[in-house]
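Observations on the three-dimensional arrangement
Residue strings, one per chain:
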Number of protein chains: 2
Amino acid sequence: MQEKRKMDAYVLLGGPKEDWPQDIKERFVSAQKAGDLIIGVDRGALFLLELGIRPDVAIGDFDSLKAEELGWVENTVGDVRYSVPKKDWTDSELMLAIAFKDYLVDKLFVYGATGGRLDHAMINFFGILNPDLRQYANQLYLVDKQNLLFYRSAGQYQIQKQDYDYFGVTCLTPVKNLAITGALYELAPYSGDYIRSFTSNEFLPDQDTFTLKLESGIVAILYSKDLVRFDNVND
Amino acid sequence: MQEKRKMDAYVLLGGPKEDWPQDIKERFVSAQKAGDLIIGVDRGALFLLELGIRPDVAIGDFDSLKAEELGWVENTVGDVRYSVPKKDWTDSELMLAIAFKDYLVDKLFVYGATGGRLDHAMINFFGILNPDLRQYANQLYLVDKQNLLFYRSAGQYQIQKQDYDYFGVTCLTPVKNLAITGALYELAPYSGDYIRSFTSNEFLPDQDTFTLKLESGIVAILYSKDLVRFDNVND
């Protein structure tokens, strides 16, 4: 059990392939080699098999899969969890519960969460706000070809630079004294009670971190980059 | 002035072209012919010119445009509004204020709001929650190749079916007694204080509307369709 507690999980949801990072296969293969848990949700389970990766867990109602596709999933995956439509919990929330509560994973990296249907994307962005799940907010990361989205609840953090150009912070709940220091645009302690984004911020050229402070509430931190580079002659 | 009050507006933001509806040019051309206001925001203003459509208003800091591109915008567009970086209002919020407060538009249809950078998408989804703007929530529509997102504040509505397969409802503020009737999945009056989505709902086969009731708060209604059709043999 001790070992399980330190395991990360890599999850593939059913979002469109065009929004995946180009090296998604390599990421899942090396995660599986490292002993991390691999989870496929709905069509994401099939996508993993098509990539040559056997999920440890498959979750969903699988109603978009053909019978032989579902058979492939059922015959290959050790732990298949069937969800029911017209349910209180969405597949995405069910996945968070299974990963954090049953498998006790540490960090959870979710791919295939963006693009395509916006109702799905909303669930994927905000499912962690479910009161039964929000204790795990700091452990969740959504990744696509040009964005990394993660969450921070009350506390003080040194947020590490990564290979992205911009970052934004979005208040997902009422927040008290949200402050950003050591970044291009500092934010003096802000309190507010609606979804508000502070965006297009950047790391300072000589800094690998910025400081985020939050007295109460949950924020999303969004790292992003432009995929198309424009020559920039007038700024 | 009376005429201006009934004008709609069509807006193009700078999101990736891959997420536009295929017939976007025809939509803007016919809107302009009908006398509706055409607005381009940042690179969206250039995209409109490239489509052969002259915006009535261009808004942004335009820092991603080359000098000659900006010159094209400035020499073509009658009303150019320059925003400043490190500002309290984002370009997207500024656009909403100009359209609703200066031009008194009725419905506002926004394209280029999704895909690409998630920090931009968040601003585009949630900018209307700015307390100075939320009075206009019922007039805002975001459109991409497979989604239509609009908003409803407290009231009772007959929501019309359109050419989409699914709909979801997401609570963007605390809500009191949100109820859905006359749809595949009914929602008994729900009150809650966090961002929560009720998703993958459908119109009843014999119904052109469903009823949405909301005692207080603001919700987003998301219409969506799958772009790739899967054969469905096991449901």
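Per chain, residue numbering runs from 1 following the sequence as it is written. The naming scheme follows written order: chains are lettered A onward, ligands numbered 1 onward. It should be noted that, the model being predicted, local features are given only for residues of pLDDT at least 70 and side-chain atom pairs only at 80 or more, the latter also being counted only at that level, while totals for whole chains, interfaces and linings use all residues. Note that the side-chain values use all heavy atoms of the structure and ignore hydrogens as well as water.

Per an unreviewed UniProt entry, chain A carries the name Thiamine diphosphokinase.

**Here's the deal with the packing of aromatic side chains**
The line we're drawing: Two rings belonging to Phe, Tyr or Trp (six-membered ring only in the last case) form a pair when the distance between their centres is within 6.5 Å. Interplanar angles under 30 degrees mark stacking, angles over 60 mark edge-to-face geometry, and anything in between is tilted. Counting from the N terminus, the helices are DSSP H or I runs at least four residues long and the strands are E runs at least two residues long. The buried label goes to any residue with under 20% of its type's maximum accessible area, the exposed label to any with over 50%, and the partly exposed label to all in between, with areas taken from a 1.4 Å probe on protein chains only. Two thresholds decide whether a charge sits over a ring: the Lys NZ or Arg CZ must be within 6 Å of the ring centre and within 35 degrees of the ring normal.
All told, the structure shown has 35 aromatic pairs over all chains when counted by the stated rule. Ring centres of Tyr10(A) and Tyr111(A) lie 6.4 Å apart, and the angle between their planes is 15°; this geometry places the pair in the stacked category. With Tyr10(A) in strand S1 (residues 9–12) and Tyr111(A) in strand S5 (residues 108–111), the pair connects residues that are 101 residues apart, well separated along the chain. Given a relative accessible area of 16%, Tyr10(A) falls into the buried group. Among the aromatic side chains, those forming a connected cluster through ring pairs are Tyr10(A), Phe28(A), Phe109(A), Tyr111(A), Tyr141(A), Phe150(A), Tyr164(A), Phe167(A), Phe203(A), Phe210(A) and Tyr223(A). The cationic tip of Arg134(A) hangs over the ring face of Tyr194(B); the distance from NZ or CZ to the ring centre is 5.6 Å. Of note, Arg152(B) hangs over the ring of Tyr157(B), and the distance from its end group to the ring centre comes to 5.4 Å.

**Focus on the side chain of Thr173(B)**
All names here are of chain B. Heads up, the condition is: Counted as a polar contact is a pair of N or O atoms within 3.5 Å, where, for protein atoms, one must be capable of donating a hydrogen and the other of accepting one, and residues adjacent in sequence contribute only when both atoms are in side chains. Any pair of residues with heavy atoms lying within 4.5 Å of one another is described as a contacting pair.
For Thr173, the position within the fold is in the loop between strand S8 (166–171) and strand S9 (175–181). Within the structure, the side chain of Thr173 is placed 2.9 Å from the backbone nitrogen of Ile218, a separation counted as a polar contact. When near neighbours in sequence (up to four residues on either side) are disregarded, Thr173 contacts Leu129, Arg134, Gly217 and Ile218.

**Some remarks on the pattern of salt bridges**
Once their charged atoms are close, side chains differing in charge can pair, the charge on each being opposite to the other. Residue and element names in this part refer to chain A. The following threshold applies: Salt-bridge detection follows one rule: a side-chain nitrogen of Lys or Arg within 4 Å of a carboxyl oxygen of Asp or Glu.
For the structure shown, the criterion picks out 18 salt bridges over all chains. Among the salt bridges present, the one from Arg81 reaches Asp102, with a minimum N-O distance of 2.9 Å. With Arg81 in strand S4 (residues 79–82) and Asp102 in helix H5 (residues 91–102), this residue pair connects regions lying 21 residues apart in the sequence. Residue Asp102 is classed as partly exposed on the basis of its relative accessible area of 41%. What emerges from the salt-bridge pattern is a single network uniting Asp79, Arg81 and Asp102.

**Here we look at the interface of chain B and chain A**
Here is the rule: Computed with a 1.4 Å rolling probe, the buried area is the accessible surface lost when two parts are put together, summed over both parts. Just so you know the grouping, Ala, Val, Leu, Ile, Met, Phe, Trp, Tyr, Cys and Pro go in nonpolar, Asp, Glu, Lys and Arg go in charged, and all remaining residues, Gly too, go in polar.
Listed as interface residues are 49 residues of chain B and, on the opposing side, 49 residues of chain A. Roughly 4300 Å² is buried in total at the junction of chain B and chain A, and carbon and sulfur atoms are behind 62% of that figure. Counting the surface chain B buries against chain A, the share from its top three residues, Arg117(B), Leu118(B) and Ile195(B), is 15%. In this structure, the salt-bridge partner of Arg117(A) is Asp226(B), at a minimum N-O distance of 3.9 Å. Between the two partners, chain B and chain A, sit 12 residue pairs in polar contact (both at pLDDT 80 or more). Sorting elements by how many residues they give to the side of chain B that touches chain A places helix H6 (residues 118–126) of chain B first, with 7 residues. Tallied by class, the residues present in the side of chain B that touches chain A amount to 21 nonpolar, 15 polar and 13 charged.

**Structural notes on empty space enclosed by the protein**
Threshold: A cavity, in this analysis, means grid points on a 1 Å lattice covering only the protein atoms where a 1.4 Å probe fits yet has no way out; a pocket is instead an open set bounded by protein on both sides within 12 Å along at least five of seven lines, and a residue lines either one if it has an atom within 4 Å of a point. Grid points are joined across faces, edges and corners, and a volume is the space filled by probe spheres set on the points.
Throughout the structure, instances matching the rule amount to 6 cavities of 30 Å³ or more. In this structure, the largest cavity occupies an estimated 210 Å³ of space. Together, 22 residues line the largest cavity, and Thr114(A), Gly115(A), Leu118(A), Thr114(B) and Gly115(B) are the ones closest to its centre. Listed by contribution, the elements that provide at least two residues to the lining of the largest cavity are helix H6 (118–126) of chain A together with H6 of chain B. Class assignment for the residues of the lining of the largest cavity results in 6 nonpolar, 10 polar and 6 charged.

**Quick notes on the pairing of S9(B)**
Within a regular beta strand, the side chains point alternately toward one face of the sheet and then the other, so they alternate between its two faces. All names here are of chain B. Going by this rule: When DSSP finds two or more bridges between a pair of strands, those strands are recorded as paired.
Strand direction decides the pairing type here: S9 and strand S10 (residues 187–192), joined by 3 bridges, are antiparallel. Bridging across to S10, Val175 finds its partner in Gly192. Counting the residues that bridge the hairpin from S9 to S10 gives 5 residues, and of these Gly182 lies at a positive phi of roughly 75°. Where S9 meets strand S12 (residues 209–224), 4 bridges bridge the pair, whose relative direction is antiparallel. Of the residues in S12, the one forming a bridge with Lys176 is Ser216.

**Quick word on the relation of the copies chain B and chain A**
Inclusion rule: Only residues with pLDDT of at least 70 in both copies count here: their C-alpha atoms drive the least-squares fit that superposes the copies.
Structural alignment of chain B on chain A gives an RMSD of 0.0 Å, achieved by rotating through 180° and translating 0.0 Å along the axis. What the superposition gives is, in effect, a two-fold axis relating one chain to the other. It is Gly115(B) whose C-alpha, among those of chain B, lies nearest the rotation axis, at 3.2 Å. Comparing interface residues between copies, 100% of those in chain B also lie at the interface in chain A; the contact surface is shared.

**Let's talk about the domain arrangement of chain A**
Residue and element names in this part refer to chain A. What counts, and what does not: An automatic or database domain assignment provides the domain bounds reported here.
Assigned domains within chain A: domain 1 (2–145) and domain 2 (149–224). Put simply, the middle of domain 1 and the middle of domain 2, counted by C-alpha atoms, are 26 Å apart. Each partner contributes to the interface: domain 1 provides 11 residues, whereas domain 2 provides 9 residues. In total, about 990 Å² of surface goes out of reach between domain 1 and domain 2, with carbon and sulfur atoms giving 58% of it. On the surface where domain 1 and domain 2 come into contact, there are 0 salt bridges. Here domain 1 is connected to domain 2 by 6 residue pairs in polar contact (both at pLDDT 80 or more). Contributions of two or more residues to the side of domain 1 that touches domain 2 are made by H6 and strand S6 (140–143).

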